[in-house]
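# Geometric and topological summary
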Amino acid sequence: MKTRRHILVGLGLALAAQTGGAVAQTAYPDRQITIIVPFGAGGPTDVVARLVAKQMEATLGKPIIIENVGGAGGTTGMTRVAQAAPDGYTIGIGNAGTQSAAPALYPNLKYDPAQSFDQIGVLNHTPMVIVGKTALPAKTLAEAIAHFKANEATLTQGHAGVGSTSHMAGVMFNAQVGVKPAQVAYRGTAPAMNDLVAGQVDFMIDQALNIIPQAKAGTIKAFAVAAATRIESLPDVPTTKEAGVDFLSSGWNAMVTPKGLPQAVREKLVDAMNKALDMAEFKARMVELGSTIPQGADRGPAGLQKLVEAEVARITPILKAAGVVGN
(Lines give C-alpha, C1' and ligand atoms only; values in the text may rest on other atoms or scores of the structure.)
Protein backbone atom coordinates (compact mmCIF):
# COMPACT_ATOMS: atom_id res chain seq x y z
CA MET A 1 0.00 0.00 0.00
CA LYS A 2 1.29 3.45 -0.90
CA THR A 3 2.05 5.71 2.03
CA ARG A 4 0.95 9.32 2.19
CA ARG A 5 4.58 10.31 1.64
CA HIS A 6 4.79 8.27 -1.59
CA ILE A 7 1.58 9.82 -2.88
CA LEU A 8 2.80 13.35 -2.13
CA VAL A 9 6.17 12.67 -3.76
CA GLY A 10 4.41 11.29 -6.84
CA LEU A 11 2.16 14.31 -7.08
CA GLY A 12 5.16 16.59 -6.64
CA LEU A 13 7.04 14.91 -9.47
CA ALA A 14 4.01 15.10 -11.75
CA LEU A 15 3.55 18.80 -11.01
CA ALA A 16 7.25 19.44 -11.54
CA ALA A 17 7.12 17.68 -14.90
CA GLN A 18 4.12 19.71 -15.96
CA THR A 19 5.71 22.96 -14.77
CA GLY A 20 9.00 22.09 -16.44
CA GLY A 21 7.20 21.42 -19.71
CA ALA A 22 5.44 24.75 -19.50
CA VAL A 23 8.73 26.52 -18.79
CA ALA A 24 10.40 24.75 -21.73
CA GLN A 25 7.60 25.84 -24.02
CA THR A 26 7.58 29.47 -22.90
CA ALA A 27 11.37 29.82 -22.79
CA TYR A 28 11.77 29.71 -26.57
CA PRO A 29 13.49 31.69 -27.85
CA ASP A 30 16.05 32.58 -25.22
CA ARG A 31 18.92 33.40 -27.56
CA GLN A 32 19.82 34.44 -31.08
CA ILE A 33 18.24 32.63 -34.04
CA THR A 34 20.06 31.94 -37.30
CA ILE A 35 18.34 31.87 -40.69
CA ILE A 36 20.39 30.11 -43.35
CA VAL A 37 19.94 31.45 -46.87
CA PRO A 38 21.40 28.91 -49.32
CA PHE A 39 22.51 31.61 -51.79
CA GLY A 40 24.71 34.68 -51.76
CA ALA A 41 23.70 38.01 -50.29
CA GLY A 42 21.60 40.28 -52.49
CA GLY A 43 19.71 37.62 -54.43
CA PRO A 44 15.91 37.22 -54.36
CA THR A 45 15.85 34.56 -51.64
CA ASP A 46 18.19 36.65 -49.50
CA VAL A 47 16.04 39.77 -49.97
CA VAL A 48 12.88 37.98 -48.83
CA ALA A 49 14.67 36.30 -45.91
CA ARG A 50 15.96 39.60 -44.56
CA LEU A 51 12.56 41.27 -44.82
CA VAL A 52 10.87 38.39 -42.98
CA ALA A 53 13.62 38.17 -40.36
CA LYS A 54 13.26 41.86 -39.54
CA GLN A 55 9.55 41.45 -38.91
CA MET A 56 9.88 38.16 -36.99
CA GLU A 57 12.36 39.72 -34.56
CA ALA A 58 9.62 42.04 -33.36
CA THR A 59 7.39 39.08 -32.51
CA LEU A 60 9.96 36.70 -31.05
CA GLY A 61 11.90 39.32 -29.13
CA LYS A 62 15.34 37.94 -30.01
CA PRO A 63 17.86 38.87 -32.72
CA ILE A 64 17.76 36.93 -35.97
CA ILE A 65 20.89 36.84 -38.12
CA ILE A 66 21.16 35.82 -41.75
CA GLU A 67 23.93 33.42 -42.75
CA ASN A 68 24.51 33.02 -46.47
CA VAL A 69 25.71 29.50 -47.31
CA GLY A 70 25.89 29.22 -51.09
CA GLY A 71 26.92 26.39 -53.38
CA ALA A 72 25.51 23.54 -55.47
CA GLY A 73 22.34 25.38 -56.45
CA GLY A 74 21.48 26.06 -52.82
CA THR A 75 21.70 22.43 -51.70
CA THR A 76 24.83 23.03 -49.60
CA GLY A 77 22.97 25.43 -47.35
CA MET A 78 19.82 23.32 -47.15
CA THR A 79 21.88 20.25 -46.26
CA ARG A 80 23.28 22.21 -43.35
CA VAL A 81 19.75 23.10 -42.24
CA ALA A 82 18.60 19.47 -42.46
CA GLN A 83 21.53 18.32 -40.33
CA ALA A 84 21.18 21.00 -37.63
CA ALA A 85 19.64 20.45 -34.20
CA PRO A 86 15.81 20.66 -34.32
CA ASP A 87 15.58 23.26 -31.56
CA GLY A 88 14.22 26.26 -33.45
CA TYR A 89 17.51 28.16 -33.52
CA THR A 90 18.39 27.15 -37.07
CA ILE A 91 15.91 28.01 -39.81
CA GLY A 92 16.29 27.58 -43.56
CA ILE A 93 14.84 29.51 -46.47
CA GLY A 94 14.39 27.06 -49.33
CA ASN A 95 13.04 27.85 -52.77
CA ALA A 96 11.64 26.15 -55.84
CA GLY A 97 15.11 24.96 -56.75
CA THR A 98 16.29 23.54 -53.43
CA GLN A 99 12.89 22.08 -52.51
CA SER A 100 11.63 20.92 -55.92
CA ALA A 101 14.36 20.43 -58.51
CA ALA A 102 17.19 19.21 -56.28
CA PRO A 103 16.12 15.53 -56.04
CA ALA A 104 16.21 15.17 -59.83
CA LEU A 105 19.44 17.09 -60.29
CA TYR A 106 21.61 15.79 -57.46
CA PRO A 107 21.82 11.97 -57.23
CA ASN A 108 23.72 12.18 -53.93
CA LEU A 109 21.48 14.78 -52.32
CA LYS A 110 21.74 14.51 -48.53
CA TYR A 111 18.19 15.61 -47.77
CA ASP A 112 14.65 14.89 -48.89
CA PRO A 113 12.67 18.15 -49.35
CA ALA A 114 9.45 16.46 -48.23
CA GLN A 115 10.84 14.38 -45.35
CA SER A 116 13.98 16.03 -43.93
CA PHE A 117 12.35 19.23 -42.72
CA ASP A 118 9.50 20.50 -40.60
CA GLN A 119 7.61 22.86 -42.89
CA ILE A 120 6.84 26.32 -41.49
CA GLY A 121 5.27 28.01 -44.49
CA VAL A 122 5.41 29.60 -47.94
CA LEU A 123 6.69 33.19 -47.92
CA ASN A 124 6.02 34.42 -51.43
CA HIS A 125 5.52 33.61 -55.09
CA THR A 126 7.29 35.60 -57.81
CA PRO A 127 6.96 35.38 -61.60
CA MET A 128 10.12 34.95 -63.63
CA VAL A 129 11.26 37.60 -66.11
CA ILE A 130 13.31 37.05 -69.28
CA VAL A 131 16.07 39.64 -69.45
CA GLY A 132 19.20 40.37 -71.46
CA LYS A 133 22.25 42.61 -71.43
CA THR A 134 21.78 46.11 -72.81
CA ALA A 135 24.11 45.42 -75.75
CA LEU A 136 21.65 42.93 -77.25
CA PRO A 137 20.13 44.46 -80.41
CA ALA A 138 16.69 42.95 -79.67
CA LYS A 139 13.83 45.10 -78.36
CA THR A 140 11.16 42.39 -78.07
CA LEU A 141 11.08 38.78 -76.93
CA ALA A 142 10.58 37.56 -80.50
CA GLU A 143 13.60 39.54 -81.63
CA ALA A 144 15.61 38.23 -78.68
CA ILE A 145 14.79 34.61 -79.52
CA ALA A 146 15.75 35.19 -83.15
CA HIS A 147 19.04 36.69 -82.01
CA PHE A 148 19.67 33.78 -79.63
CA LYS A 149 19.19 31.26 -82.44
CA ALA A 150 21.36 33.18 -84.88
CA ASN A 151 24.18 33.48 -82.35
CA GLU A 152 23.83 30.16 -80.55
CA ALA A 153 27.53 29.29 -80.92
CA THR A 154 28.56 32.15 -78.64
CA LEU A 155 25.35 32.57 -76.61
CA THR A 156 25.70 32.54 -72.81
CA GLN A 157 23.04 32.30 -70.10
CA GLY A 158 23.68 33.06 -66.44
CA HIS A 159 21.95 31.40 -63.48
CA ALA A 160 22.32 30.94 -59.74
CA GLY A 161 23.64 27.38 -59.91
CA VAL A 162 22.43 24.01 -61.13
CA GLY A 163 19.02 23.36 -59.60
CA SER A 164 18.31 27.00 -58.75
CA THR A 165 15.05 28.63 -59.79
CA SER A 166 16.80 30.68 -62.46
CA HIS A 167 18.46 27.54 -63.82
CA MET A 168 15.21 25.54 -63.95
CA ALA A 169 13.37 28.35 -65.71
CA GLY A 170 16.18 28.60 -68.22
CA VAL A 171 16.18 24.89 -68.96
CA MET A 172 12.44 24.90 -69.66
CA PHE A 173 12.52 28.11 -71.70
CA ASN A 174 15.44 26.95 -73.84
CA ALA A 175 13.76 23.61 -74.56
CA GLN A 176 10.55 25.35 -75.55
CA VAL A 177 12.05 27.92 -77.92
CA GLY A 178 14.80 25.66 -79.24
CA VAL A 179 18.07 27.28 -78.18
CA LYS A 180 21.12 25.79 -76.48
CA PRO A 181 23.22 28.48 -74.83
CA ALA A 182 26.36 27.86 -72.83
CA GLN A 183 25.28 27.78 -69.19
CA VAL A 184 27.26 29.95 -66.76
CA ALA A 185 26.61 28.98 -63.14
CA TYR A 186 27.15 31.35 -60.21
CA ARG A 187 26.94 31.04 -56.44
CA GLY A 188 23.64 32.87 -56.36
CA THR A 189 21.67 35.26 -58.52
CA ALA A 190 23.37 38.45 -57.31
CA PRO A 191 26.76 37.69 -58.94
CA ALA A 192 24.96 36.42 -62.04
CA MET A 193 23.07 39.71 -62.25
CA ASN A 194 26.29 41.66 -61.78
CA ASP A 195 27.81 39.94 -64.80
CA LEU A 196 24.64 40.47 -66.86
CA VAL A 197 24.77 44.19 -66.09
CA ALA A 198 28.47 44.18 -67.03
CA GLY A 199 27.66 42.40 -70.30
CA GLN A 200 29.65 39.28 -69.41
CA VAL A 201 26.65 37.00 -70.10
CA ASP A 202 23.94 37.51 -72.72
CA PHE A 203 20.72 36.73 -70.89
CA MET A 204 19.08 35.10 -67.92
CA ILE A 205 15.66 34.32 -66.48
CA ASP A 206 15.16 35.30 -62.88
CA GLN A 207 12.57 36.22 -60.27
CA ALA A 208 10.92 39.59 -60.73
CA LEU A 209 12.03 40.88 -57.34
CA ASN A 210 15.66 40.60 -58.46
CA ILE A 211 14.96 42.00 -61.92
CA ILE A 212 12.86 45.07 -61.16
CA PRO A 213 15.56 47.40 -59.74
CA GLN A 214 17.91 46.77 -62.66
CA ALA A 215 15.18 46.94 -65.28
CA LYS A 216 13.95 50.28 -63.91
CA ALA A 217 17.51 51.59 -63.86
CA GLY A 218 17.97 50.60 -67.50
CA THR A 219 21.04 48.48 -66.80
CA ILE A 220 19.40 45.40 -68.38
CA LYS A 221 16.65 44.78 -70.93
CA ALA A 222 13.43 43.15 -69.74
CA PHE A 223 11.72 41.28 -72.60
CA ALA A 224 8.76 39.53 -70.95
CA VAL A 225 7.20 38.44 -67.66
CA ALA A 226 6.51 34.69 -67.58
CA ALA A 227 3.11 35.13 -65.95
CA ALA A 228 -0.56 35.45 -66.87
CA THR A 229 -0.64 39.16 -66.01
CA ARG A 230 1.80 42.04 -66.07
CA ILE A 231 3.68 43.18 -62.97
CA GLU A 232 2.55 46.42 -61.38
CA SER A 233 6.16 47.52 -60.94
CA LEU A 234 6.99 46.82 -64.61
CA PRO A 235 3.79 47.92 -66.39
CA ASP A 236 5.46 48.33 -69.79
CA VAL A 237 6.94 44.81 -69.89
CA PRO A 238 4.55 42.40 -71.66
CA THR A 239 3.69 38.90 -70.52
CA THR A 240 5.19 36.01 -72.44
CA LYS A 241 1.76 35.28 -73.95
CA GLU A 242 1.48 38.85 -75.16
CA ALA A 243 4.96 38.46 -76.60
CA GLY A 244 3.91 35.35 -78.52
CA VAL A 245 5.46 32.60 -76.37
CA ASP A 246 3.40 30.17 -74.29
CA PHE A 247 5.85 30.00 -71.38
CA LEU A 248 4.92 30.44 -67.70
CA SER A 249 7.34 30.17 -64.81
CA SER A 250 7.44 31.38 -61.23
CA GLY A 251 9.65 31.07 -58.20
CA TRP A 252 8.77 30.77 -54.53
CA ASN A 253 10.51 30.90 -51.19
CA ALA A 254 9.62 28.99 -48.04
CA MET A 255 10.66 28.64 -44.42
CA VAL A 256 11.67 25.26 -42.97
CA THR A 257 13.49 23.86 -39.96
CA PRO A 258 15.29 20.57 -39.24
CA LYS A 259 12.93 17.63 -38.74
CA GLY A 260 11.80 16.96 -35.17
CA LEU A 261 11.03 20.47 -33.96
CA PRO A 262 9.01 20.56 -30.72
CA GLN A 263 5.39 21.35 -31.54
CA ALA A 264 5.28 24.41 -29.27
CA VAL A 265 8.35 25.88 -30.96
CA ARG A 266 6.95 25.16 -34.39
CA GLU A 267 3.72 26.92 -33.51
CA LYS A 268 5.64 29.99 -32.34
CA LEU A 269 7.59 30.13 -35.59
CA VAL A 270 4.46 29.72 -37.70
CA ASP A 271 2.77 32.49 -35.72
CA ALA A 272 5.79 34.80 -36.07
CA MET A 273 6.01 34.11 -39.80
CA ASN A 274 2.31 34.81 -40.31
CA LYS A 275 2.54 38.10 -38.43
CA ALA A 276 5.55 39.09 -40.53
CA LEU A 277 3.79 38.32 -43.82
CA ASP A 278 0.70 40.24 -42.72
CA MET A 279 2.57 43.41 -41.79
CA ALA A 280 1.81 46.39 -44.03
CA GLU A 281 5.51 47.09 -44.58
CA PHE A 282 6.16 43.59 -45.87
CA LYS A 283 3.07 43.58 -48.08
CA ALA A 284 4.00 46.91 -49.64
CA ARG A 285 7.56 45.75 -50.32
CA MET A 286 6.35 42.57 -52.00
CA VAL A 287 4.12 44.60 -54.32
CA GLU A 288 7.11 46.77 -55.23
CA LEU A 289 9.10 43.63 -56.02
CA GLY A 290 6.39 42.03 -58.16
CA SER A 291 5.74 39.31 -55.61
CA THR A 292 2.55 37.88 -54.10
CA ILE A 293 1.99 36.54 -50.58
CA PRO A 294 0.09 33.25 -50.21
CA GLN A 295 -3.08 33.30 -48.16
CA GLY A 296 -5.01 30.83 -46.02
CA ALA A 297 -4.16 27.14 -46.18
CA ASP A 298 -1.68 27.69 -49.04
CA ARG A 299 0.65 29.55 -46.68
CA GLY A 300 1.12 27.27 -43.65
CA PRO A 301 2.93 23.97 -42.99
CA ALA A 302 0.34 21.79 -44.75
CA GLY A 303 0.25 24.11 -47.75
CA LEU A 304 4.04 24.04 -48.05
CA GLN A 305 4.15 20.24 -47.75
CA LYS A 306 1.58 19.94 -50.52
CA LEU A 307 3.47 22.43 -52.71
CA VAL A 308 6.80 20.62 -52.29
CA GLU A 309 5.37 17.21 -53.12
CA ALA A 310 3.47 18.51 -56.15
CA GLU A 311 6.45 20.46 -57.51
CA VAL A 312 8.87 17.54 -57.14
CA ALA A 313 6.44 15.35 -59.09
CA ARG A 314 5.97 18.01 -61.78
CA ILE A 315 9.56 19.12 -62.27
CA THR A 316 11.46 15.83 -61.97
CA PRO A 317 10.40 14.38 -65.35
CA ILE A 318 11.05 17.72 -67.09
CA LEU A 319 14.61 17.98 -65.81
CA LYS A 320 15.39 14.31 -66.41
CA ALA A 321 14.16 14.63 -69.99
CA ALA A 322 16.46 17.63 -70.43
CA GLY A 323 19.37 15.51 -69.22
CA VAL A 324 20.52 18.08 -66.64
CA VAL A 325 22.36 16.66 -63.63
CA GLY A 326 24.28 18.42 -60.86
CA ASN A 327 27.33 17.24 -58.95
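Presented here is a report on the structure given in the accompanying data block.

## Observations regarding the overall build of the chain
Of the regular secondary structure elements, the chain holds 11 helices and nine strands. Counting over 327 residues, the chain shows a buried share of 53%. By sequence separation, contacts in the chain at least 24 residues apart represent 78% of the contacts at least 6 residues apart. Positive and negative charge centroids in the chain, built from 28 and 24 side chains respectively, lie 6 Å apart.

## Thoughts on the side chain of Gln-119
Tracing the chain through its elements places Gln-119 in strand β4 (residues 117-133). Polar contacts involving the side chain of Gln-119 include one to the side chain of Gln-305, which spans 3.0 Å. The contact partners of Gln-119, leaving out residues within four places of it in the chain, are Pro-113, Ala-114, Met-255, Val-256, Arg-266, Pro-301, Leu-304, Gln-305 and Val-308.

## Regarding the packing of helix α9 (residues 263-278) against helix α10 (residues 280-288)
Where α9 contacts α10, the axes come no closer than 5 Å and their chain directions differ by 60°. Comparing their axes, α10 and α9 come out oblique. Contact with α9, carried on its side by Ala-276, Leu-277 and Asp-278, involves Ala-280, Phe-282 and Lys-283 of α10 and no other residues of that element. Residues that form the contact of α9 with α10 fall into these classes: four nonpolar, no polar and two charged.

## A short note on the pattern of salt bridges
Summed over all chains, the structure comprises 11 salt bridges. Between Lys-133 and Asp-202 there is a salt bridge; the shortest N-O distance is 2.8 Å. Taken together, the residues Lys-133 in strand β4 and Asp-202 in the loop between α7 (189-197) and β7 (203-207) connect sequence positions 69 residues apart. Taken as a pair, Lys-133 and Asp-202 share a single burial class, namely buried.

## Topic: the nonpolar core
Formed by 47 residues in total, the largest nonpolar core has its most connected members in Leu-141, Phe-173 and Leu-319. The greatest single-element share of this core, amounting to six residues, is contributed by helix α6 (residues 165-177). Leave out the neighbours within four places in its chain, and Phe-173 touches Ile-130, Leu-141, Ile-145, Phe-203, Ile-205 and Phe-247. The next biggest cluster of nonpolar side chains, apart from the first, holds 32 residues, and it includes Ala-49, Met-56, Val-270 and Met-273.

Cut-offs used in this document
Once a new chain begins, its residue numbering starts again from 1 and follows that chain's sequence as written. Residues qualify for local features only when their pLDDT is at least 70, as the model is predicted, and side-chain atom pairs are given and counted only at 80 or more; totals for whole chains, interfaces and linings, by contrast, use all residues. Excluded from the side-chain calculation are hydrogens and water; included are all heavy atoms of the structure. To qualify as a helix, a DSSP run of H or I must reach at least 4 residues; to qualify as a strand, a run of E must reach at least 2; elements of each kind are numbered from the N terminus. Buried, partly exposed and exposed residues are distinguished by accessible area as a fraction of the type maximum, computed with a 1.4 Å probe on protein chains only: under 20%, between the cut-offs, and over 50%, respectively. The contact definition used throughout considers only heavy atoms, calling two residues in contact when any of these lie within 4.5 Å. His is not counted, nor are the chain ends, whereas Lys and Arg count as positive and Asp and Glu as negative. The atoms used to mark charge sites are NZ of Lys, CZ of Arg, CG of Asp and CD of Glu. Whenever two N or O atoms come within 3.5 Å, that pair is a polar contact, provided that in protein one can donate a hydrogen and the other can accept it, and provided that, for residues adjacent in sequence, both atoms are side-chain atoms. Each axis is a line fitted through C-alpha atoms, and for a helix only the stretch in contact is used; angles between axes span 0 to 180 degrees, taken between their N-to-C directions. Angular relationships are summarised with four words: roughly parallel below 35 degrees, roughly antiparallel beyond 145, roughly perpendicular across 65 to 115, and oblique for the angles in between. The residue classification treats Ala, Val, Leu, Ile, Met, Phe, Trp, Tyr, Cys and Pro as nonpolar and Asp, Glu, Lys and Arg as charged. All others, Gly included, are polar. Between Lys or Arg on one side and Asp or Glu on the other, a salt bridge is scored when a side-chain nitrogen of the former is within 4 Å of a carboxyl oxygen of the latter. Nonpolar cores were defined as sets of buried Ala, Val, Leu, Ile, Met, Phe, Trp, Tyr and Cys residues, with membership established by side-chain atoms within 4.5 Å.

That is the geometry; function is a separate question.
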